[in-house]
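# Structural overview for review
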Amino acid sequence: MTSVPGPESIDDLLARVHVVALPMRVRFRGITEREVALIEGPAGWGEFGPFGEYDDLESTHWLASALEMAWQGPPPALRSRVPVNATVPAVAAGDVAAILDRFPGCMTVKVKVAEAGQQLVDDVARVAAVLQARPGARVRVDANGAWSVAEAAHAIRVLDQAVRADDVARAPGTGPVSLDGPGLEYAEQPCATVEELVQLRERLAADGVHVDVAADESIRRAEDPLRVVRAGGADRAVVKVAPLGGPRRLLAVAAELGVPVTVSSALDSAVGVAGGVAAAAAMPGGAGRGRPGPDDDDNAIPAAGLGTGGFFVEDVVEPGTFALEDGCLPVRPVAPDPARLEGLRVSGEVRDWWLDRIRRCYELL
């Protein structure tokens, strides 16, 4: 075990675990129910929720994060609330407005693109629907590494034009496009590898397309989370608390990256989201948007990707107790509601599977 505060033994740890399943409104990452293990410690609650495809070694980071929040608590906060982005899955354009209704006040929107079985025209329509529902919103897109370099260069140009267009209902390429607007804020993980991201940034610069490239998987699932930035493959970084091993480790990595950082969620319950909010609240400001804008201030940070609670039909807290207000989440501890914890609890083989997984990861710490 590490020397940081933690449970007295594996039995002590397992006695504090509550495994829950949260039903989802829409399919996300191929699932309709999100299982996580919540851990109650002397300093609060932590969450262990690596997805099923993650091996034990990678999942160990998630356990370290849960133990940090439960036994150490959050790092000191520099702000009392954190701005967040709305997240729009790869749904039909006609469904976008209803999804955005779950994100009151959010004027930054992340749009999932490059979904298998869909085309670029579907992505353009989805982005256009976002801007029709939220005029003036800042738009960022996330391809989850699905594009080749050539596909990404073309798609980013088209999507950037769609955002800049005066009439967002008009498809790009059908007439003059105004370039006065801000365009895409950034494209998140447009290609899968560091080498491809480096080539893409060079291609975008040569084509005169001024859209930032953000790395996500190339940081959180990499042996060296700094490599992609050092190689010239990213203008920005998207980081998640659990995959990096906790909020303090996230802050250390962010400081070394030296680029604007978006703190994001791994489809967490309210407990896990609170850990992300804690990390974002402790993030030094001043580089909030990469390219300075009129609304930047000394404490600004990029809108965090932590507004994922709206994807759940049920969460472990009562509605409204940890909710968006004016596009922001409050910085405060979150504890599950006992009745909800009991109602969402899983048992039998599913619970045993999670306890076995925690036991194996604990041995690797």
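Description of the structure in this document. (Residues numbered from 1 in each chain as written. Predicted model: local features only at pLDDT ≥ 70, side-chain atom pairs only at ≥ 80, totals over all residues. Heavy atoms only, no water.)

## What about the overall build of the chain?
Broken down by element type, the chain carries 13 helices and twelve strands. Taking 365 residues into account, the globule formula puts the C-alpha radius of gyration at 21 Å, and the chain, at 20 Å, falls close to it. Considered along the principal axes of its C-alpha atoms, the chain spans approximately 65 × 40 × 40 Å. Put simply, the chain has 365 residues, and 55% of those count as buried. (Helix = DSSP H or I, 4+ residues; strand = E, 2+ residues; numbered from the N terminus. Rg over C-alpha atoms; globule rule 2.2 N^0.38 Å. Buried < 20%, exposed > 50% of the residue type's maximum accessible area, 1.4 Å probe, protein only.)

## Focus: the sheet that holds strand 7 (residues 138–142)
In spatial order, the strands read 5-6-7-8-9-10-11; together these seven strands make up an open sheet with parallel pairing. Of all strands in the sheet, those with a lone pairing partner are strand 5 (86–88) and strand 11 (261–264), marking the two edges. Ignoring strand direction, the axes of neighbouring strands in this sheet form an average angle of 25°. Of the strand pairs in this sheet, strand 5 and strand 6 (residues 108–112) are connected by three bridges, and their pairing is parallel. Paired with Ala 86 across the strands is Val 109, a residue of strand 6. (Pairing = 2+ DSSP bridges. Axes fitted to C-alpha atoms, helices over the stretch in contact; angles between N-to-C directions.)

## A short note on the side chain of Ser 218
Mapped onto the elements of the fold, Ser 218 is located in helix 7 (residues 217–220). A polar contact of 2.9 Å, which involves the side chain of Ser 218, links it to the side chain of Gln 189. Once residues within four sequence positions are removed from consideration, Ser 218 is found in contact with Gln 189, Ala 192, Val 194, Leu 197 and Val 228. (Polar contact = N/O pair within 3.5 Å; in protein donor to acceptor, adjacent residues only side chain to side chain. Contact = heavy atoms within 4.5 Å.)

## A few points about unusual backbone geometry
Non-glycine residue Leu 267 carries a positive phi angle of around 55°. With respect to the element layout, Leu 267 can be found in the loop between strand 11 and helix 11 (270–281). One non-glycine residue, Asp 326, lies in positive phi territory at about 55°. Mapping Asp 326 onto the fold places it in the loop between helix 11 and strand 12 (328–330).

## So, the environment of Glu 33
Within the secondary structure, Glu 33 sits in strand 2 (residues 31–41). Residue Glu 33 is classed as partly exposed on the basis of its relative accessible area, which comes to 42%. Separated by 151 residues in the primary sequence, Glu 33 and Leu 184 place their C-alpha atoms 31 Å from one another. Among residues more than four places away in sequence, those in contact with Glu 33 are Ala 21, Leu 22, Pro 23 and Met 24.

## Examining the nonpolar core
By size, the foremost hydrophobic cluster in this structure holds 117 residues, and its most contacted members are Phe 48, Ile 156 and Leu 257. Counting residues per element, this core draws most heavily on helix 5 (residues 149–164), at nine residues. Beyond its immediate stretch of four places on either side in the chain, Phe 48 contacts Val 36, Ala 37, Ile 39, Ser 59, Trp 62, Leu 63, Ala 66, Trp 354, Arg 357, Ile 358 and Cys 361. (Core = buried A, V, L, I, M, F, W, Y, C linked by side-chain atoms within 4.5 Å.)

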